[in-house]
Amino acid sequence: YVAERLITSKRDFCVITRQKENVNELQKLGIPYILSDLSSPIDALSDANVQNASSIVLTLENDETNMLYALTAMHLNPKIKTIAINNSEQMYDGLKKAGIDVVVPIYRMIGSVIASATVTESVVGVIADSSRKLSGMEMVEIDVKECSKIKGIKLKELPFDYIVLIREGKPVKYLNPEEEIKEGDKLLSLVKFDQLVEVEKLIECKE
C-alpha cells in the first residue's frame, strides 16, 4: 500500500523484500526491488542506493529489525528521513530514542479505530503519535443527510473542531463560523474519543 501511494505521488523508490511472493507483483507494477534475506543491512541498503535516498520506510513485523535498518541507513546517509512502524508498545520509546523521525504505532491506531467503531461508524482515522499535541484525536467523516440533526446548524455551534467542509464535492477554502450546514455537505472533523457519543447523536437522523 505504501508503494501504491508512492507511485501515485510519482516518487522514485526501491523496495527491499524478503518474500519471493512479492516479486511478481512488484514486476507487474514496474517497481525496482531487491530480494534479500535481510541478514546484511549494509549490503541490502547499499544495493538500494540508500546513500542518495531522501527517506526510508520500514514496515517489518519485527521492531528490532526496523531499528537496525534505520540505524544502518542513518550511518550510510546522515541526512535521510526515517519512518518506521511500531508493532510492540514496549519498543515505542526505544525506536524514538534511536532517532527515528516518524514512529507509527499501528497497535494504537488499530485499537483506537476499533474502539471508536463501537460508538460510531463515522471514524475514518486516528492521530496516535503520543509526542504530538493532537494525540488521541479521532478523525470522523460526517455526511449530512436530509434527516440529519446537524443540518441547519452553524459551524460555530459544532461541539468539536472541524477540519474541512466539503460542499458539492469541493473543499470550502474560507469558512465563515456563521455558515449553516446544508444537506449534502460533508465534514471531516477532529474529535476526542469521549465526544464520539455526542457526535453520533448529532449526525443521526430525526425520527
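Higher on the page you've got the structure.
Since the model is a prediction, treat every value here as computed from it, not as a measurement.

Undergrad: What is the right way to read the pairing of strand β10 (residues 186-191) from this model?
TA: Where strand β7 (residues 138-143) and β10 come together, 6 bridges link them in antiparallel fashion. Paired with Glu138 across the two strands is Val191, which belongs to β10. Across 5 bridges, the pairing between strand β8 (residues 161-167) and β10 is antiparallel. Bridge pairing links Tyr162 to Ser189 in β10.

Undergrad: What's the story with the sheet that holds strand β3 (residues 55-58) in this structure? I'm lost.
TA: Through backbone hydrogen bonds, the strands of a sheet pair up, either in parallel or in antiparallel fashion. Pairing within the open sheet is parallel, and its 3 strands lie in the order β3-β4-β5. On the outer flanks of this sheet lie β3 and β5 (102-105), each paired with one strand and no other. Ignoring which end each strand starts from, the neighbouring axes of this sheet average 10° apart. Relative to β5, strand β4 (residues 81-86) runs parallel, the two sharing 4 bridges. Paired with Ala84 across the strands is Val103, a residue of β5. Strand contacts of helix α4 (residues 63-76): β3 and β4, with the helix running at about 175° to β4, the strand carrying the most contacts. In this fold helix α6 (residues 106-117) packs onto β4 and β5, with an angle of close to 40° to the strand it touches most, β5.

Undergrad: Before we go on, may I ask you to explain the environment of Leu29 in this structure?
TA: Summarising the element assignment, Leu29 is placed in helix α2 (residues 23-29). According to the relative accessible area criterion, Leu29 is partly exposed, its value standing at 41%.

Undergrad: When you look at unusual backbone geometry in this model, what are you seeing that I'm missing?
TA: At Leu38, a residue that is not glycine, the phi angle is positive and equals roughly 65°. Mapped onto the elements of the fold, Leu38 is located in the loop between β2 (33-35) and α3 (41-47). Of note in this structure, Asn49 is not a glycine but carries a positive phi near 60°. As for its placement among the helices and strands, Asn49 is situated in the loop between α3 and β3.

Undergrad: What's the story with the pairing of β4 in this structure? I'm lost.
TA: Working note: regular strand, side chains alternate between the two faces of the sheet. Across the 6 residues that make up β4, a large majority, 5, are buried. Sheet analysis places β3 next to β4, joined by 4 bridges and oriented parallel. Along β4, the bridge assignment pairs Ile56 with Thr82. For the segment spanning β3, α4 and β4, crossover handedness is right-handed. Taking the sense of rotation as the criterion, the β-α-β connection linking β4, helix α5 (residues 92-97) and β5 turns out right-handed.

Undergrad: For this particular structure, what's the right way to read the environment of Ser116?
TA: Structurally, Ser116 can be placed in helix α6. Between the C-alpha atoms of Ser116 and Ile7, which are 109 residues apart in sequence, the distance is 31 Å.

Undergrad: What should I look at first to understand the pattern of salt bridges in this one?
TA: In a structure, side chains of opposite charge can pair up when their charged atoms sit close to one another. Using the criterion set out here, one finds 7 salt bridges in the structure. Among the ionic pairs, Arg18 bridges to Glu61, the shortest N-O distance being 2.4 Å. With Arg18 in the loop between β1 (15-17) and α2 and Glu61 in the loop between β3 and α4, the pair connects residues that are 43 residues apart, well separated along the chain. For Glu178, the salt bridge is made with Lys154, and the minimal N-O distance between the two is 2.9 Å. Here Glu178 is found in the loop between β9 (170-171) and β10, whereas its partner Lys154 is found in the loop between β7 and β8, with 24 residues between them in sequence. Take Glu178: its relative accessible area is 37%, and that puts it in the partly exposed class. Relative accessible area serves as the criterion here: at 26%, Lys154 is assigned to the partly exposed category. Each of Glu141, Asp143 and Lys186 takes part in salt bridges that share partners, so that together they form one network.

Cut-offs applied
Residues numbered from 1 in each chain as written. Predicted model: local features only at pLDDT ≥ 70, side-chain atom pairs only at ≥ 80, totals over all residues. Heavy atoms only, no water. Pairing = 2+ DSSP bridges. Helix = DSSP H or I, 4+ residues; strand = E, 2+ residues; numbered from the N terminus. Axes fitted to C-alpha atoms, helices over the stretch in contact; angles between N-to-C directions. Contact = heavy atoms within 4.5 Å. Buried < 20%, exposed > 50% of the residue type's maximum accessible area, 1.4 Å probe, protein only. Right-handed = clockwise from strand over helix to strand, strands pointing away. Salt bridge = Lys/Arg side-chain N within 4 Å of Asp/Glu carboxyl O.

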